[in-house]
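# Report on the structure
Listed below, chain by chain, are the residues.
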Amino acid sequence: MSLPEIFTAVRLHPPNSDSSKTVKHKYGDANGVASGSFREAEDMYRSIIVQRTRDGSRNLRQEERQAQSNSIVDEPVKVDGVVMDYIQEIKSKELEIIKKRNGVIMRRDDRRVTFMSPSGKSVHAQFAREQFITLYQKIATGLQTRTYDYSRGIVERCQAEFPELLITCKDKRRLQLTGNFISLERFETFLNGSTQTCSHYQTPNKTKVNDTPYKQPVKQQTSVDQAKDEACPICLETLKISESTVLSKCKHRFCKDCLERAFHVKPTCPICGEIYGNLTGTQPKGGTMTVSSDRSSLPGYEKYGTIIINYNIPSGYQGDEHPNPGMPYQGASRIAYLPNSAEGNKVLKLLQRAFNQRLTFTIGRSSTTGQNNVVTWNDIHHKTSRYGGPTSYGYPDPDYLKRVQDELKAKGID
């Protein structure tokens, strides 16, 4: 696509010219006028060009940009009410770090969370949104809810002994506790009158529940793994080496029976939340992900070419795992870009795994059009534009490759 196809009337001067010119542009039903120098005209061209996918449909770049205001990311994050209550009550420090780091305000409306930047810089709100999604996925992966019969003094005891559990009184007879597997198992041990002490909740290797694992010195690790008097973090009984299991990734050790019970609920480490096995999403079946490349570079990656990813999810009918089983849904074609660097190719392989595990897309309501029963992104952020920076879902964005790897890791892709 050439400049005359975009700008129907334009007089361009040499790059060093300070002359200000009026630029008229037209593309389809879109019209506009811009005034400025040669560089400004070129920037305008880049900002309105519309990428086309293989089936000829428009890329969503313009729609996404129009859906954003100067200060609000107009893409609320859908959340589960119980998980969000837990984050706000128990993980409030982590949430505050995200808000302060990006200078944003968080607004919760029932089961939707939106971030607002008082400074008017939507990029801050966008970064906060992405960081929140990573935190939310990490916590939600290992979270459980159990209901117990209410008894006198149980709330006070639980608050004193188990501050990492969220307590909700369903009614006068039932008490709901929300937390990870290991905390709930310890609560039940405590409730049943075990003589084991449960007043502290750091495991023998100093790993806090759902926090970043403490890195032990290499020389100490072997001795800890082989210690005969090490206690199982779940049941607190002394571990017998022959009857215990060490998880391959995080190296946490448990009784075989305790770990089996934990994995029966969810295949994640009860301590750090590391995912074992493959998660499967709700992405409609039958889609394709094709990869090509060209020699042009992305802003910030001038030494490299560009990887071009084309996604195509055909229309069809919703299955049992979708919001409205049996109803038709509208498919989608999307295009995304990565730098053809070593790290860019690493991210590409991770994205291919996510697609094969049906984690890239889901079915829901479009945040840009409001239309329901359509294929939408599933909280793995893609760069759908070459240019424009983070607010236009494009480059330059020096931290993007790291952020998307964090998002993928939260889904067990690393």
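Residues numbered from 1 in each chain as written. Predicted model: local features only at pLDDT ≥ 70, side-chain atom pairs only at ≥ 80, totals over all residues. Heavy atoms only, no water.

### Examining the environment of Cys232
Following the sequence through the fold, Cys232 ends up in the loop between α9 (218-226) and β10 (244-246). When its relative accessible area of 0% is taken as the criterion, Cys232 is described as buried. Look past the residues within four positions of Cys232 in its chain and what remains in contact with it is Glu237, Leu239, Phe254, Cys255 and Cys258. (Helix = DSSP H or I, 4+ residues; strand = E, 2+ residues; numbered from the N terminus. Buried < 20%, exposed > 50% of the residue type's maximum accessible area, 1.4 Å probe, protein only. Contact = heavy atoms within 4.5 Å.)

### Some thoughts on helix α11 (residues 342-356)
For α11, with 15 residues, the first-to-last C-alpha span of 22 Å sits near the 21 Å given by 1.5 Å per residue. Listed in full, the buried residues belonging to α11 are Gly344, Val347, Leu348, Leu350, Leu351, Ala354 and Phe355. Contacts made by the buried residues of α11 are with β12 (288-294), β13 (306-313), β16 (332-339), β17 (361-364) and α12 (400-410). Where α11 terminates, the next one or two residues include Arg358, which has phi positive at roughly 60 degrees. (Expected span 1.5 Å × (residues − 1).)

### Observations concerning the sheet that holds β16
Pairing is antiparallel in the open sheet, where 3 strands are placed in the order β12-β13-β16. Strand pairing shows two members of the sheet lacking a second neighbour, β12 and β16, which therefore form its edges. The sheet shows a mean angle of 20 degrees between the axes of neighbouring strands, direction not considered. Along the sheet face, α11 touches β12, β13 and β16 and points at about 10 degrees away from the line of β13. (Pairing = 2+ DSSP bridges. Axes fitted to C-alpha atoms, helices over the stretch in contact; angles between N-to-C directions.)

### Description of the state of the cysteines
Considering all chains together, one arrives at 0 disulfides under this definition. Residue Cys235 stays outside any disulfide, its sulfur separated by 3.8 Å from that of Cys255, the closest cysteine. With a relative accessible area of 18%, Cys235 lands in the buried category. Cys250 takes part in no disulfide bond, and the closest cysteine sulfur, belonging to Cys269, lies 3.6 Å away. (Disulfide = S-S within 2.5 Å.)

### Here's the deal with the packing of helix α6 (residues 122-141) against α12
At a closest axis distance of 9 Å, the pairing of α6 and α12 adopts a crossing angle of 20 degrees. With respect to each other, α6 and α12 are oriented roughly parallel. As for the relative orientation of α6 and α12, their crossing is left-handed in sense. For the pair α6 and α12, the contacting residues are Phe127, Glu130, Thr134, Gln137, Lys138 and Thr141 in the first and Arg403, Asp406, Glu407 and Ala410 in the second. A breakdown of the residues in the contact of α6 with α12 according to their chemical character gives 2 nonpolar, 3 polar and 5 charged. (Parallel < 35°, antiparallel > 145°, perpendicular 65-115°, else oblique. Left-handed = near helix turned anticlockwise from the far one by under 90°. Nonpolar A, V, L, I, M, F, W, Y, C, P; charged D, E, K, R; others polar.)

### Some thoughts on unusual backbone geometry
Cis geometry marks the peptide bond from Tyr395 to Pro396; its omega dihedral reads 5 degrees. For Pro396, the location among the structural elements is in the loop between β18 (374-377) and α12. At Arg358, a position not held by glycine, the phi torsion is positive, near 60 degrees. Within the secondary structure, Arg358 is located in the loop between α11 and β17. On the accessibility criterion, Arg358 (16% relative accessible area) is buried. Even without glycine at this site, Asn373 takes up a positive phi of about 60 degrees. Counting through the fold element by element, Asn373 comes out in the loop between β17 and β18. Residue Asn373 is classed as buried on the basis of its relative accessible area, which comes to 14%.

### Concerning the pattern of salt bridges
Scanning all chains against the criterion turns up 13 salt bridges. Glu130 is paired through a salt bridge with Arg403; the nearest N and O atoms lie 2.5 Å apart. Of this pair, Glu130 sits in helix α6 while Arg403 sits in helix α12, and the two are 273 residues apart along the sequence. Considered together, Glu130 and Arg403 belong to a single accessibility category, that of buried residues. In this structure, the salt-bridge partner of Asp397 is Lys383, at a minimum N-O distance of 2.7 Å. One end of the pair, Asp397, is in the loop between β18 and α12; the other, Lys383, is in the loop between β18 and α12, with 14 residues separating them in the sequence. (Salt bridge = Lys/Arg side-chain N within 4 Å of Asp/Glu carboxyl O.)

### Details of the sheet that holds strand β7 (residues 143-149)
Spatially, the 3 strands line up as an open sheet ordered β7-β9-β8, and their pairing is antiparallel. With partners counted over all chains shown, the strands left at the sheet margins are β7 and β8 (166-169), one partner each. Direction aside, the axes of adjacent strands within the sheet are offset by 25 degrees on average. Summarising the sheet, β7 and strand β9 (residues 174-180) pair through 7 bridges and their orientation is antiparallel.

### A word on the nonpolar core
The biggest cluster of nonpolar side chains holds 31 residues, and the ones touching the most others in it are Ile309, Leu338, Leu351 and Leu408. Where this core is concerned, the elements lending two or more residues are β13, β16, α11, β17 and α12. With 6 residues, the top contributor of residues to this core is α11. Those residues in contact with Leu351, other than ones at most four positions away along the chain, are Met289, Ile309, Tyr311, Leu338, Thr360, Ile380, His382 and Leu408. Counting 21 residues, the second largest nonpolar core, distinct from the first, contains Tyr86, Val113, Leu143 and Leu166. (Core = buried A, V, L, I, M, F, W, Y, C linked by side-chain atoms within 4.5 Å.)

### Structural notes on the confidence of the model for the protein chain
Here the protein chain shows a mean pLDDT of 77. Residues at 70 or above account for 73%. Across residues 1-31 the pLDDT falls below 50, and counting only partners more than four positions away or on other chains, this stretch makes 65 contacts in the model. Segment residues 194-227: pLDDT under 50, and 57 contacts once partners within four positions in sequence are set aside and those in other chains are kept. (pLDDT = per-residue confidence, 0-100.)

### Things to note about the packing of aromatic side chains
In this structure the tally under the stated criterion is 12 aromatic pairs. A centroid spacing of 6.0 Å and a plane angle of 40 degrees characterise the contact between Phe132 and Tyr136, whose relative ring orientation is tilted. Of this pair, Phe132 and Tyr136 both sit in helix α6, 4 residues apart, which is roughly one turn of that helix. Tyr136 gets classed as buried once you look at its relative accessible area, which sits at 13%. (Phe/Tyr/Trp six-rings, centres within 6.5 Å; stacked < 30°, edge-to-face > 60°.)

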